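# Fold and geometry: a report
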Amino acid sequence: MKFVPAGVFPFVALLLLHRRLVAGRALLVNSPSTGCPINSLCRSNVHEQTRKQVALLNATAQDLFSLYLKCQGEPFSSETDKLCNPNGVYFPTFRVNRTSEKEVMVAMYKLFAFLNASLGNITRDQEELNPTAKELLDRLHNTTKTTRGLISNLTCLLCKNYNIFQVDVSYGESSKGKSAFKKKQQGCQVLRKYVQVISQAARILLPHLSPA
Amino acid sequence: MWKNSSLCCVLALAILCLTSLICSQEIGSPGEPQNLKCIMHNLHKMICTWDVSSKGRYGQTDFCYTTREKRVEIPVSESSITVSITTNSIYGAAFGTKKFAIHKKDISFVPLTPHILSLTPDFSTSTLNLKWSDNGSVFPYGLDAFWQIEILRKETMEKVTQVTYHSKLTHENTILSWNWTSDMPLECTSHYAKIRCYINVTDFVGHKDWSDWSPVEKVLGKDTEPNGSGVFPQDTVVAVGSDVTICCVHAEDQQIKRMTYGPEIYPLIHLSSRSSAIRVINASASDTSGTNVVCTLSQDEMDGTVLFVGYAPDTPQNLSCETSNFLIIKCTWKPGRPSGLYGKRRTKYSLLERISGKNVSCEVNEMNRERVCGFPVLADQKTYSFTLGVSNPIGQTESSLLVDLTQRVHPKTPEKLTVSGNSSTNVHLHWYINGSFTEIRLLCQIEISSGHSEQKLHNVSMPGGKFSTYTAQLNALHPYTKYQFRVRCSAADHFWRWSDWSRVEEHTTLEAPPARGPDVWRERSPSGRSLKIFWKPLTLSEANGKIVSHEVSCYLLDTLLEYKEVTEPSNSTEIKLGKNDCVISIVAKNHAGSSPPSKITSVELPSDNVKTERAVALGNGIYISWSSYPNVTCGYIVKWCHSSGSEPCSVDWQKFPSNTTDAVMKSALFRPGVRYNFSLYGCKSSGYQLLKNITGYMKELPPKRAPNFTVEETSSDSILVKWEDIPVEDCQGFLEGYRLSFAKGEKDALKPRLSESGNPELKVKNITDLTKKSLRILDLQGKTSYQLDLQAYTAGGVSPPNSLYVVTKEDCKIKDTFYPEIPNPENSKALQFQKNICEGNKTLKTLEMNPCTPNSVEVVETQSAAPKIEDTEMMSPAADTTVPEDGSDSENENHVVVSYCPPIIEEEISNPSMDEPVGSSQVVYIDIQSMYQPQIKAEEEPEIDLVTTAGYKPQMQLPISALKIESRSATEEESDKTAGYRPQANTNAWNMDTPDSPGSVESSNENASFGSPCSINSRQFLIPPKDDEDSPKPTNTGWSFTHFFQNKPND
């Protein structure tokens, strides 16, 4: 389950840490049980909430990407395929043909934990490069918030359903210290991949989360 | 060690002997030294070099310096020297000696070759730093040294630039430094530098020359590094308008496909096998995130950089510093033109206070137009000298300001405003200001507002406190008034700015007794036994509270006859006096007390011959005026009454001083079109006297409707109409006259009003004599339908019309009577007359009789398109048309000349007084109309009716008016009978009863028209209609139309 590509820093993400970050999204409704420290955070509608969050991210991803391209200047919009080819950057693997729901949930967690960190980097870079692009910054902030809520709900589900409270997460390469062009390009590559993967996640996650 | 072929067999030792000779000799024998050259590198020694002839002998004779080189360093002498060079063999045998005389001018000065200590690149700024030593210790102090530096680029070492650097030698070895900024990033390709020098030894008389070039130092480009690649420069900021070179360094096995700057592809400049560049000329400002420069390589790989093109910071404008609390100084300014640079490249500000030396960095919001920076107030410092430093990666600037802080106080908004007071005229205000103002006095402004007075500002100055509450007292307020207060403050001694206003606080003062008594009037009842007393309510500012009642007292001398207390809201009362008079006193009361009394006497002085005059409508008021009455000593009163529907009218009045003789009466109750009646009273010592009545309107309007009118009488050529008066309430102004319009026309619901029809035959009668109530319209055509419109008018306009349709009666038989056939001896058999002429051949202009001897008669037909208003008295201001002053309309007349055979009248003229007949045929024609209609005297109506004078004209021209008013006197009628054309028959014998019976309006008996003479405009009457045989005929049978047609065939 541990996937650490070259050049990517491995982290052990404690779900407890995520609980702190997104307090208020996943509410405490039961007393804690042994094993999973935060399974009691899950609310009854966590499935529905997770599904809606994925659907929301999927619905807004393309607009976010388009707006991002527009704000970076040419030739990002005209040469998107070449400039934003995501092959050169790390992105968590998210295979469609996973066998178990547990694997899907873990992969999902890794994906959104990575995205959360990447969106933070992109937001920071764009606040520096495009401080006047209010709409882009708002969308980045909103997407990051939704991602955090999603991570919280996935944390609940992993704890509650599979008693998993520790997942190794790779966050990829930080853009800090890179040139402005590299920052733009890296954000573009991540967001482009995000658009592709979030649609897969939506297709996979929604049936899994749908009530039987 | 001596391997040189020429010297391997002999060891030549050159021996130089220096003697103090002024000149030297040169001996050119073999083996002798020759070509001596001496060079100085410093001012202490010179280096001399020479050649030796190949055939020289070996040996040694004498020497001063022995050297195995053809070079020797000789100390520099102050004067010329002679050098003797002897060449010896290795065994000491001298085989050549030569003497050289060395003069100062023969010595060259060439500085030593400089040595580059370092060549250091700064890739971020594309700058090379060159360091070298000036070797100045060997030269005297103060010599000028010139350093020529050459920069080369690329593997081919192309010269980029050459500069000369100047320095002063200081007799010490000094490290010199020189920076050069490349127009191309240093990463793009290798750069090289070399240097040489020239020292200007001023007192050196020989030849001075540049040193040799130093060895080249180099800075290698990225294209020389094995893994070097990238687009350069990285994240560079340049000014708008700059020329920028950007290069792309790539691996050996790659090729550059293209380079783009923003969306544009630029031509490539080859630098090396691994590097190419583009040159952007006059770069324009970037977008917020910079301009992307992208290098596309083979295999579609891409690399890039971002160029940020913006402006140097603008000089801050309107720098201003102030304090609101003496804790923080807030400086504001406007940044001017945006730099276009954001994030870490943004413009940064710092505030330096020069007196204290304190410097603060300003955190400013780039999105705000106005920038703010705070600086702490320093203890014991009153004056501040601020310098606002502004910088960004492109440039920097600054702006300065010297302020005395006590003169730059802008207090914060006063808070916690409260109002207290238990008085009808005084209150206390309290408020708090957040700040320490112990250094200054404060000036606070209190705004006082109330519903019924103008806004007032009250200033109060007070010593400043430290976070204190301030108090102010307000006097002279009005009782029972709801006030709104708010406060703002500033520095008292050196005003800078007001604070914002505090929130509004409300307070109502207590009541006080009414300030004055009410305005009073009184009226006797018609019976005279009671007196009605009226008073006007006091204004809010006079009442000083809520009026609860009025006390009415009636005194005869000091005796109280009657007392009444009338509670609100009544403003009148009635007291029974009988025939007595008294002085009425009225006092208004509120909860705080009573007003001073208002007094008025009930005495009404008798008035004689009171006239009624008209007032002038001003639109927004009614202007009245009066003469000055000498006995009026205590003013005038104008009284009127407002009527509102069925209720009795409410009395109103206005008082004027005795010296007033006119006034504009205004009231919100005055309405346009309503007549108001004013009574002017004079106040005399003994009582009030009615002086005159005045009636008028605020604004006159057109009458609401036209008068009702009827047709009293109709004949074949006239209509008599009568109308009624219009009620005053319908007049809406002072009636000025009536307009009667008429024209031919059938009743048709779709027809427009006559005045709007554009009918060219429309005629308008303007009646300005308002006593006239009827009008006879003359000169109409028989058996013709006419439309009559009657309107009334005032100064405000014309009323809507009342319309009638009337058909005139028909009477063609009269022609037989009045115009009998007059035989013409010459043309007796030639009478030709068209049959049925009444039935409508309108093209026939007049009677034609052929054959005859024609006389020319001019027939004038009026074809005026505009209606004519026939009035000589007064033209209505609202009249649609006007009549020329001379009464003629000659320009519009159509003159038609027709043949006419004048009839011969055999009978004597009935009027013997006509002693001067006119006409070439010696026939006197008497006006046909004079038979029926009394004529207006020429003196009275000098203008001739154009209609009646058009067309056929009798040869005897008489002034005739078409307008005949029924009220004319019989005497006039009688006199008119003697004038003009007279019928040849005895008209007294006619039976006029039947034809003159009144014709009904829109009567079905249209064909019954008969009796009136036909208009002479029309010739149709001359042929009677066939079905008119039953019409009444004149009793006179002496002459008829039947005789006239006697000779016609088929008759």
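Residues numbered from 1 in each chain as written. Chains lettered and ligands numbered in written order. Predicted model: local features only at pLDDT ≥ 70, side-chain atom pairs only at ≥ 80, totals over all residues. Heavy atoms only, no water.

Chain B has the name Leukemia inhibitory factor receptor in an unreviewed UniProt entry, where Apteryx owenii is given as its organism. UniProt's Function (unreviewed entry) comment on chain B is quoted here verbatim: "Signal-transducing molecule. May have a common pathway with IL6ST. The soluble form inhibits the biological activity of LIF by blocking its binding to receptors on target cells." Listed in UniProt under the heading Subunit (unreviewed entry), the comment for chain B reads: "Heterodimer composed of LIFR and IL6ST. The heterodimer formed by LIFR and IL6ST interacts with the complex formed by CNTF and CNTFR." (UniProt positions renumbered as here; feature names shortened; annotations may be inferred.)

The name given to chain A in an unreviewed UniProt entry is Leukemia inhibitory factor, with the source organism recorded as Apteryx owenii. Taken verbatim from the UniProt record of chain A, the Function (unreviewed entry) comment is "LIF has the capacity to induce terminal differentiation in leukemic cells. Its activities include the induction of hematopoietic differentiation in normal and myeloid leukemia cells, the induction of neuronal cell differentiation, and the stimulation of acute-phase protein synthesis in hepatocytes."

We now examine the overall build of chain A. Within chain A one finds six helices and two strands. Sequence-ordered secondary structure for chain A, helices as α and strands as β, is β-α-α-α-α-α-β-α. Taking all 212 residues of chain A together, 51% fall into the buried category. Within chain A, counting contacts between residues at least 6 apart in sequence, those at least 24 apart form 80% of the total. With the model as given, the accessible surface of chain A reaches about 9,700 Å², and the carbon-plus-sulfur share is 52%. (Helix = DSSP H or I, 4+ residues; strand = E, 2+ residues; numbered from the N terminus. Buried < 20%, exposed > 50% of the residue type's maximum accessible area, 1.4 Å probe, protein only. Contact = heavy atoms within 4.5 Å. Areas by Shrake-Rupley, 256 points an atom, 1.4 Å probe, with all protein chains shown as cover.)

Moving on, we get to the confidence of the model for chain B. All names here are of chain B. For chain B, mean pLDDT is 75; residues scoring 70 or higher make up 70% of the total. Confidence scores differ between elements of chain B, with strand β67 (residues 893-900) showing the lowest mean pLDDT of 33 and strand β34 (residues 427-432) the highest of 96. Note on residues 1-14: pLDDT under 50 across the span, and 32 contacts to partners over four residues away in sequence or across chains. Contacts of residues 56-63 to residues separated by more than four positions or lying in other chains number 43 contacts, the stretch itself having pLDDT below 50. Quick note on the complex model: pTM equals 0.57, ipTM equals 0.83. (pLDDT = per-residue confidence, 0-100.)

With the rule as written, the count across this model stands at 37 salt bridges over all chains. As a salt-bridge pair, glutamate 48 of chain A and arginine 51 of chain A come within 2.7 Å of each other at their nearest N and O atoms. Linking glutamate 48 of chain A with arginine 51 of chain A, this pair stays in helix α2 (residues 46-72), spanning three residues, or about one helical turn. Looking at glutamate 48 of chain A, the relative accessible area reads 31%, which means it is partly exposed. Note that aspartate 303 of chain B is salt-bridged to lysine 182 of chain A, the shortest N-O span being 3.3 Å. (Salt bridge = Lys/Arg side-chain N within 4 Å of Asp/Glu carboxyl O.)

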